[in-house]
Amino acid sequence: MDDVQLLAPREVPLGGPRAMTVRRTLPSRQRSLVGAWCFLDHYGPDDVAATGGMAVPRHPHTALATVSWLFTGEIEHRDSTGAHAMVRPGELNLMTAGRGVSHSEFSTPATSVLHGVQLWFALPSSARDEEPSFVHHVPEPMYVPGGVARVFLGELLGVRSPVRTHTPITGAEILLDADAETLVEVPAGHEHALLLDEGDVTVDGTALEAGELGYLPTGRRSFTLRSARGARLVLIGGEPLGEQIVMWWNFIGRSHDDVVAARDRWMAEIGREPVEGEERFGPFPDGQPAALPAPALPGGRLRARG
């Protein structure tokens, strides 16, 4: 059996003068995808009084879905589908961009500590031009030997989430007790990764440091989690996407030209000149902070990966 591949996080500022910092493990130099999962930011516990918390004005996405999952705090979400929802601990907010969506995320005034993960997964070609959508789901806790799991997407430990994902993926939070040992059975054709948020854990004997992502390739039918002091983990996994993607800023395409077209359209829609035809990334409620402009494209053509 292959060893667990350890992916270390890198620190990335979300923006602003004080800039809440997140720890990013996907994408990394070693790995771009885990199943269809293509992005994982881990943040907190963050003192909102010191950093200003999460303050991300309206910005676009294409051909992906965003998953917001909190451990502590509260985030206010608005998007161009008309959804206005709160992200709270143990509750899934899934926004599917399809052909194009825009949204904003701000931690609420009642939040003193913000702690959680932000995840994206790439949509397969068959779903990347669908209409955008938003789903809120509260998974029931599932008690397993040595802990509790909340399966928010896909199927794990005998629990299946009712939320549609367009591609076979899994997402779950696992809380392990002290002196816990838990066997997790998985489909052999899926790959998986586990993020250690806090505590201690070994995955098939390999120890993870807090903030590390431990990757498990296809071929396993199970793996064993052990913890001495207790732990909180986020598990992601799924069937390999089997497609090359071009991922830049908040866009996913299948080519350099796809991303350039999405960027040009976004900049046109948030500019002063009217755009002919249907808005790709709108409409959006009035009275909100100004939208984020896209950064300049790098020199040369964007490279596909996956």
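Residues numbered from 1 in each chain as written. Predicted model: local features only at pLDDT ≥ 70, side-chain atom pairs only at ≥ 80, totals over all residues. Heavy atoms only, no water.

Draft legend 1. A look at the UniProt feature "binding site: Fe cation" (unreviewed entry) in the chain. Per the UniProt record, the feature "binding site: Fe cation" (unreviewed entry) sits at His59, His61, His103 and Glu105. Taking the farthest pair of C-alpha atoms as the criterion, the annotated set spanning 47 residues converges on one region, since that pair is 13.4 Å apart. Inspection of the secondary structure assignment puts histidine 61 in strand β5 (residues 55–61). Judged by relative accessible area, which is 1%, histidine 61 ranks as buried. Here histidine 103 shows up in strand β10 (residues 101–107). Discounting chain neighbours no more than four positions away, the residues touching histidine 103 are Pro57, Arg58, His59, His61, His77, Arg78, Asp79, Met95 and Phe284. (UniProt positions renumbered as here; feature names shortened; annotations may be inferred. Helix = DSSP H or I, 4+ residues; strand = E, 2+ residues; numbered from the N terminus. Buried < 20%, exposed > 50% of the residue type's maximum accessible area, 1.4 Å probe, protein only. Contact = heavy atoms within 4.5 Å.)

Draft legend 2. Geometry of the sheet that holds strand β18 (residues 180–185). Taken together, four strands build an open sheet; the order of strands is β18-β23-β20-β21 and the sheet is antiparallel. Looking at which strands have only one partner, the edges of the open sheet turn out to be β18 and β21 (206–208). When strand polarity is set aside, the average angle formed by the axes of neighbouring strands in this sheet is 25°. The pairing of strand β20 (residues 201–203) with strand β23 (residues 222–227) spans two bridges and is antiparallel. Bridged to threonine 202 within β23 is arginine 226. (Pairing = 2+ DSSP bridges. Axes fitted to C-alpha atoms, helices over the stretch in contact; angles between N-to-C directions.)

Draft legend 3. Here's a closer look at the pairing of strand β24 (residues 231–238). Counting buried positions over the eight residues of β24 gives eight, a clear majority of the element. Side chains of β24 alternate between two faces, with Ala231, Leu233, Leu235 and Gly237 and Arg232, Val234, Ile236 and Gly238 buried alike. With eight bridges connecting them, strand β17 (residues 169–176) and β24 associate as antiparallel partners. For leucine 175, the partnering residue across the bridge sits in β24 and is arginine 232. Looking at chain direction, strand β19 (residues 191–199) and β24 are connected through eight bridges and run antiparallel. Opposite glutamate 198, over in β24, you have arginine 232 as the bridge partner.

Draft legend 4. Focus on the sheet that holds strand β8 (residues 84–87). In space, the four strands of this open sheet follow the order β5-β10-β7-β8, with antiparallel pairing throughout. In this open sheet, the two strands that pair with only one neighbour each are β5 and β8. Neighbour to neighbour, the strand axes of the sheet diverge by 20° on average, direction disregarded. Here four bridges tie strand β7 (residues 75–79) to β8, and the two strands are oriented antiparallel to one another.

Draft legend 5. Expanded view of the pairing of β10. Across the seven residues that make up β10, a large majority, six, are buried. Of the pairings in the sheet, the one linking β5 to β10 comprises five bridges and is antiparallel in character. Bridge pairing in β10 places histidine 59 opposite histidine 103. As paired elements, β7 and β10 share five bridges and run antiparallel to each other. Its bridge partner lying in β10, isoleucine 75 is registered against serine 107.

Draft legend 6. Structural detail: helix α2 (residues 256–269). In this model, α2 (14 residues) spans 20 Å end to end at C-alpha, consistent with the 20 Å of a helix rising 1.5 Å per residue. Listed in full, the buried residues belonging to α2 are His256, Val259, Val260, Ala262, Arg263, Trp266 and Glu269. In the core, the buried residues of α2 are packed alongside β5, β10, β25 (246–248) and β26 (251–253). (Expected span 1.5 Å × (residues − 1).)

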